[in-house]
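# Inside the fold
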Amino acid sequence: MGEVSRFWRESVHRYRLMGNQCGNCKRIFFPPRDVCPICHRESIGKMKDYTLSGNGTIESFSVVHDVPPAFTRQRPYIIAIIRLDDGPSVTGQIVDSDPGEVEMGKRVTSVFRRVAQEGESGIIEYGYKFVLA
Ligand SMILES: [Zn+2]
């Protein structure tokens, strides 16, 4: 039980969208910043980890048909700018949807998916992607 639950906790932590928050102005950043770009020196030593909800709204998107060979299984590739409910906007791939289903203003939520089937090292890489909510 101990080993399994510890592994699970570590995995969950790793696969969350981790950003950080400025302790001075409370703005949230993703990816995390070392220093708040608004507060500069005032934020030094005050940047705290912040787990984003992963929920957001599509601000814009484009459908990429001409994808690199490594991604042909994901064709067409839908890439979107998503405004997260927590504040920051991120660029991410939208998966599990036809391009016709994707619209500006639609709600999405983050998921973690395998990014690389097999690297040179055999290590499986995961990354965040988005699905329609
Ligand atoms: Zn700040």
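Criteria and cut-off values
- Each residue is numbered by its place in its chain's sequence as written, counting from 1.
- Reporting of local features is limited, given that this is a predicted model, to residues whose pLDDT is at least 70; pairs of side-chain atoms are given and counted only at 80 or more, and all residues count toward the totals for whole chains, interfaces and linings.
- Strands are runs of DSSP state E lasting at least two residues, helices are runs of H or I lasting at least four, and both sets are numbered from the N terminus onward.
- Here, strands pair whenever DSSP counts at least two bridges between them.
- Each residue is classified by how many other C-beta atoms fall within 10 Å of its C-beta atom, where C-beta atoms are placed from the backbone; a count of 20 or more means buried, 12 or fewer means exposed, and values in between mean partly exposed.
- We define a nonpolar core as a collection of buried residues of the types Ala, Val, Leu, Ile, Met, Phe, Trp, Tyr and Cys that are connected via C-beta atoms lying within 7 Å of each other.
- What counts as a contact here is a pair of residues whose C-beta atoms, placed from the backbone, lie within 7 Å.
- For every residue, the pLDDT score states the predictor's confidence, bounded by 0 at the bottom and 100 at the top.

## Some points on the overall build of the chain
- Helices and strands together make up the secondary structure of the chain, namely one helix and eight strands.
- For the chain, the N- to C-terminal ordering of α and β elements is α-β-β-β-β-β-β-β-β.

## A short note on the sheet that holds strand E1 (residues 18–22)
- Across the sheet, three strands lie side by side as E2-E1-E3; this open sheet has antiparallel pairing. One side of each edge strand has no neighbouring strand; the edge strands of this open sheet are strand E2 (28–29) and strand E3 (47–51).
- Bridge count for E1 against E2 is two bridges, and the pairing is antiparallel. Its bridge partner being in E2, Asn20 is matched across the sheet by Phe29.

## Considering unusual backbone geometry
- The residue after Phe30, namely Pro31, is reached through a cis peptide bond having omega -5°.
- Counting through the fold element by element, Pro31 comes out in the loop between E2 and E3.
- One non-glycine residue with positive phi stands out, namely Lys26, at about 75°.
- Among the residues examined, Lys26 registers 10 C-beta atoms within 10 Å and is labelled exposed.

## Let's talk about the nonpolar core
- Grouped together as the largest cluster of nonpolar side chains are eleven residues: Leu17, Leu52, Ile58, Phe61, Ile78, Ala80, Ile82, Leu84, Ile94, Val108 and Phe130.
- At the level of elements, strand E4 (55–64) and strand E5 (77–84) are the ones that each hand at least two residues to this core.
- The element best represented in this core is E5, accounting for four residues.
- With residues near it in sequence (within four places) discarded, Phe61 still touches Ile78, Ile79, Ala80, Ile94 and Val102.

## Let's talk about the pairing of strand E6 (residues 89–94)
- As defined by bridge partners, E5 adjoins E6 across six bridges and the pair is classed as antiparallel. When the sheet's bridge partners are listed, Arg83 is paired in E6 with Ser89.
- Here E5 folds back onto E6, and the loop between the two strands holds four residues, one of which, Gly87, carries a positive phi near 130°.

## Section: the environment of Pro99
- Looking at where Pro99 falls in the secondary structure, it is placed in the loop between E6 and strand E7 (107–116).
- Along the chain, Pro99 and Phe61 lie 38 residues apart, while their C-alpha atoms are 9.6 Å from each other.
- Look past the residues within four positions of Pro99 in its chain and what remains in contact with it is Val63, Pro76 and Ile78.

## Some words on the confidence of the model for the chain
- Averaged over all residues, the pLDDT of the chain is 84; the fraction at 70 or higher stands at 77%.
- Mean pLDDT across the secondary structure elements of the chain bottoms out at helix H1 (residues 2–14), with 53, and peaks at E2, with 96.

## A word on the pairing of E1
- Among the five residues of E1, four are classified as buried, and the element is accordingly described as predominantly covered.
- Bridge count between E1 and E3: five bridges; the pairing is antiparallel. Residue pairing across strands places Asn20 opposite Asp49, the latter belonging to E3.
- Taken together, E1 and the strand that follows it, E2, pair antiparallel across an intervening segment of five residues, in which Lys26 is found at a positive phi of about 75°.

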